[in-house]
Amino acid sequence: MELALGARSILVDCGLFQGSRSLEALNLGSFGFDPRRIDAVILTHAHIDHCGLLPKLAAQGYEGAIWCTQATSDLLEFMLADAGRIQEYEAERRNRRRDRAGDALFEPLYTEEDAISAWRLSRPVALGEWFEPAPGFKARLWNAGHILGSASVELYAGGAHVLLSGDLGPDNKAFHADPAAPKGLDHVVCESTYGNRAREKLTIDERRAQLEGVVKEAIARGGNLVIPSFALERTQELLLDLARLSDANRIPNVPIFVDSPLASRATKVFSSHIDEMEDVDGRDIFRHPSIRYVEDSLESMRLNTVSGAIILAASGMCEAGRIRHHLKHNLFRRESTILFVGFQAEGTLGRVILDGAQRVRISGEDVNVRAQIRRIDSYSAHADRDELHDWIRDRGKLGGSLFLSHGEGQAVEGLRALVQGDDPAASVIAPQMGERFALPPGAPAKRLETGRVDLNQLAGEDWQNDYADFITNLKRNLYSIKSARARREALDDMRRVLDSYNALREERKARASAGAKPSGRQER
C-alpha cells in the first residue's frame, strides 16, 4: 500500500501475489509507481505475501530504508534469499522444457543477489518507538501477535491519524502476546483473511489434544503423517506442540522430519529470540531429540521410502518446494495421512486437495488421492471473524473510514456485514486493487481514482486450474467408455469442438477487420 503526502511517498509492505497462476502473473507487471521516488518502506512482517516484492523494488532503483522490527529483519535475510533462489530455479526449469524450443528465455522476477541487497536496506526499530520514515510522516509499531516480529503500523501524516493492522494473530497464540493497538483514530486499514469464518476457540492444551489424536491415528495406519507447513511460524508452532506431546509420552516415539531448509533457518532465528517468547519456559524446544532437520535434496528424496514418520515440509499451500514430492509419494497411499494446518488460498494445490479432489496433477503427473485428508484450524496465525470484529471495536469510533483488505471477496463482505451491523452509518470500504483515496482528518475517505475490477477476478481459480482438472480426469473418463472405437470418437468430437471454436474466432476477427456485421452465431 502506498501512502503519499505532497511529494513524499511511503509503502507499507510490498508483497508477492499468491494464488492462481493468473494472479501470480501480476508479479511480473510494473509497479504502479516509480520505485526511485519512494521515500521509505515500513514492513509489517516477513511473510512473503508482505515482503516478497522488495527485491524487485530494490532492483528497480529503491534505495531507502525498510523499517521493521529486529526479529523481522533477522527473518527477512533468509525469507528473501530463499524467494530469490526459487525465482531463479523456476526460470531455469521453465527454460529447460523441451516444448519451449525457440521461445524467448524466461527471466527470473529477481535473483538471490537482489534479495540480499533488499535485506541490507532493513532498519530495525523497537515496538512503541516513534520514528520518521519520511519528512511529514511520524510512525510507530505495535505488536500484531501474528508471527515472530509482526507489527501493526500507526501513522500521523497531514493531520490524519491512521492505523494499518498488518496481519493480526488470534487469541491463545503460541509464542506471542495478543495484538495491541491505539485508539482515537481517523482511519483504519484492517486485514480480513478470515472475515467470514469463526473458528472453534481452543486453548493451546486443547489444540495439542487435537494434534495428538491425528498423530496417533496416522501412525496407527502404518503410513506417514505429511504436514504442508509454512516455513515461518507454523512449523515452529507444530514443533513446540509435537515436542511437548512427545515429552509427555502422548504420541508414539517416531522421527519428526523438518524437510525445509528455509524452515530450518527460520527456526534458528526463533531460537535466537527464545527469551522474548511465551510458552517455552526459556528452553530451546527446537533441539528436541525427535526432531531432525533435513538439509540437502538427496536426504529429502530418501524420505520417499520412509513409513511411520511425521514429515513437515513447505510450502504451506503446496504450490512449490519439497512438499510436492512428498505429496506425490504419499497421496496415493491409503495408509498415509495429509494434515492441513493453514490457510489454503483459492486456486492452490492445497485448496484443491482440501476441497475433495480425487485426482490432482503434480509436476506433470496425475496422482490419485487415496490418503486420509485431515485439517486442524486452530493453528491459524490469523485472527478469525470474531477476533477481527473485536479488534475493530476496540479501536473505538473512527473519525473517518474503515478499510477492509487482504481477504477473498466473501471474507471481506462477511466482516463488513458485522461491522456495519454495529453502526449502519459507519464508513466501511472494501477497496479494489488500484483504487486511490484521500484520507482527511476527522472525515470519511474520498475516492480519487477507481481500481481495476478485472484484477479481483483473478483471486479465485483460473483457467489453468480448470485445465489441470480436465487433463487429470480425461484419461479416466475415456476409460469409462466401453469400446476403443467409442473413445476415439469422443476424442474426435472434442477436437471438432476446439476446431469449430477457433474457426468462429477467426471468422469474427475477419468480419470485424472488414467492417462487416458478425454472424448471428454466438461464441461460447
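Residues numbered from 1 in each chain as written. Predicted model: local features only at pLDDT ≥ 70, side-chain atom pairs only at ≥ 80, totals over all residues. Heavy atoms only, no water.

## A short note on the sheet that holds strand E8 (residues 160-164)
The pairing of strands in a sheet comes from backbone hydrogen bonds and takes either a parallel or an antiparallel form.
Then step 1. An order of E6-E7-E8-E9-E18-E19 is seen for the six strands of this open sheet, with the pairing classed as mixed. Edge strands, defined here as strands with exactly one partner in the open sheet, are strand E6 (137-143) and strand E19 (427-429). Taking each pair of neighbouring strands and ignoring which way they run, the sheet shows an average axis angle of 15°.
Then step 2. With respect to the sheet, helix H12 (residues 385-394) is in contact with E8, strand E9 (187-191) and strand E18 (401-405), its orientation differing from that of E9 by roughly 170°.
Then step 3. Here helix H13 (residues 409-422) sits on the sheet in contact with E9, E18 and E19, set at roughly 155° to E18. (Pairing = 2+ DSSP bridges. Helix = DSSP H or I, 4+ residues; strand = E, 2+ residues; numbered from the N terminus. Axes fitted to C-alpha atoms, helices over the stretch in contact; angles between N-to-C directions. Contact = heavy atoms within 4.5 Å.)

## Overview of the sheet that holds strand E11 (residues 256-259)
Then step 1. With respect to topology, six strands assemble into an open sheet ordered E12-E11-E13-E10-E14-E17, the strand pairing being parallel. What marks the edges here is a single partner per strand, and that holds for strand E12 (291-293) and strand E17 (372-375). Here the strands of the sheet are splayed against their neighbours by 20° on average, with no regard to which way each runs.
Then step 2. Inspection of the sheet shows strand E14 (residues 337-340) paired to E17 by four bridges, in the parallel sense. Considered in E17, the bridge of Leu 339 is made with Arg 374.
Then step 3. Packed onto the sheet, helix H7 (residues 234-247) meets strand E10 (225-228), E11, E12 and strand E13 (310-313) and runs at close to 160° relative to E13.

## Concerning empty space enclosed by the protein
Then step 1. In total, this model carries one cavity of 30 Å³ or more according to the counting rule given.
Then step 2. Estimated volume of the largest cavity: approximately 40 Å³.
Then step 3. Taken together, Tyr 194, Phe 340, Val 341, Gly 342, Phe 343, Arg 375, Ile 376, Asp 377 and Ser 380 make up the full set of residues lining the largest cavity.
Then step 4. Grouping the constituent residues of the lining of the largest cavity by class yields five nonpolar, two polar and two charged. (1 Å grid on protein atoms, 1.4 Å probe; cavity = no way out; pocket = protein on both sides within 12 Å on 5 of 7 lines; lining within 4 Å. Points joined across faces, edges and corners; volume = space filled by probe spheres on them. Nonpolar A, V, L, I, M, F, W, Y, C, P; charged D, E, K, R; others polar.)

Function cannot be read off these values alone, since they describe shape.
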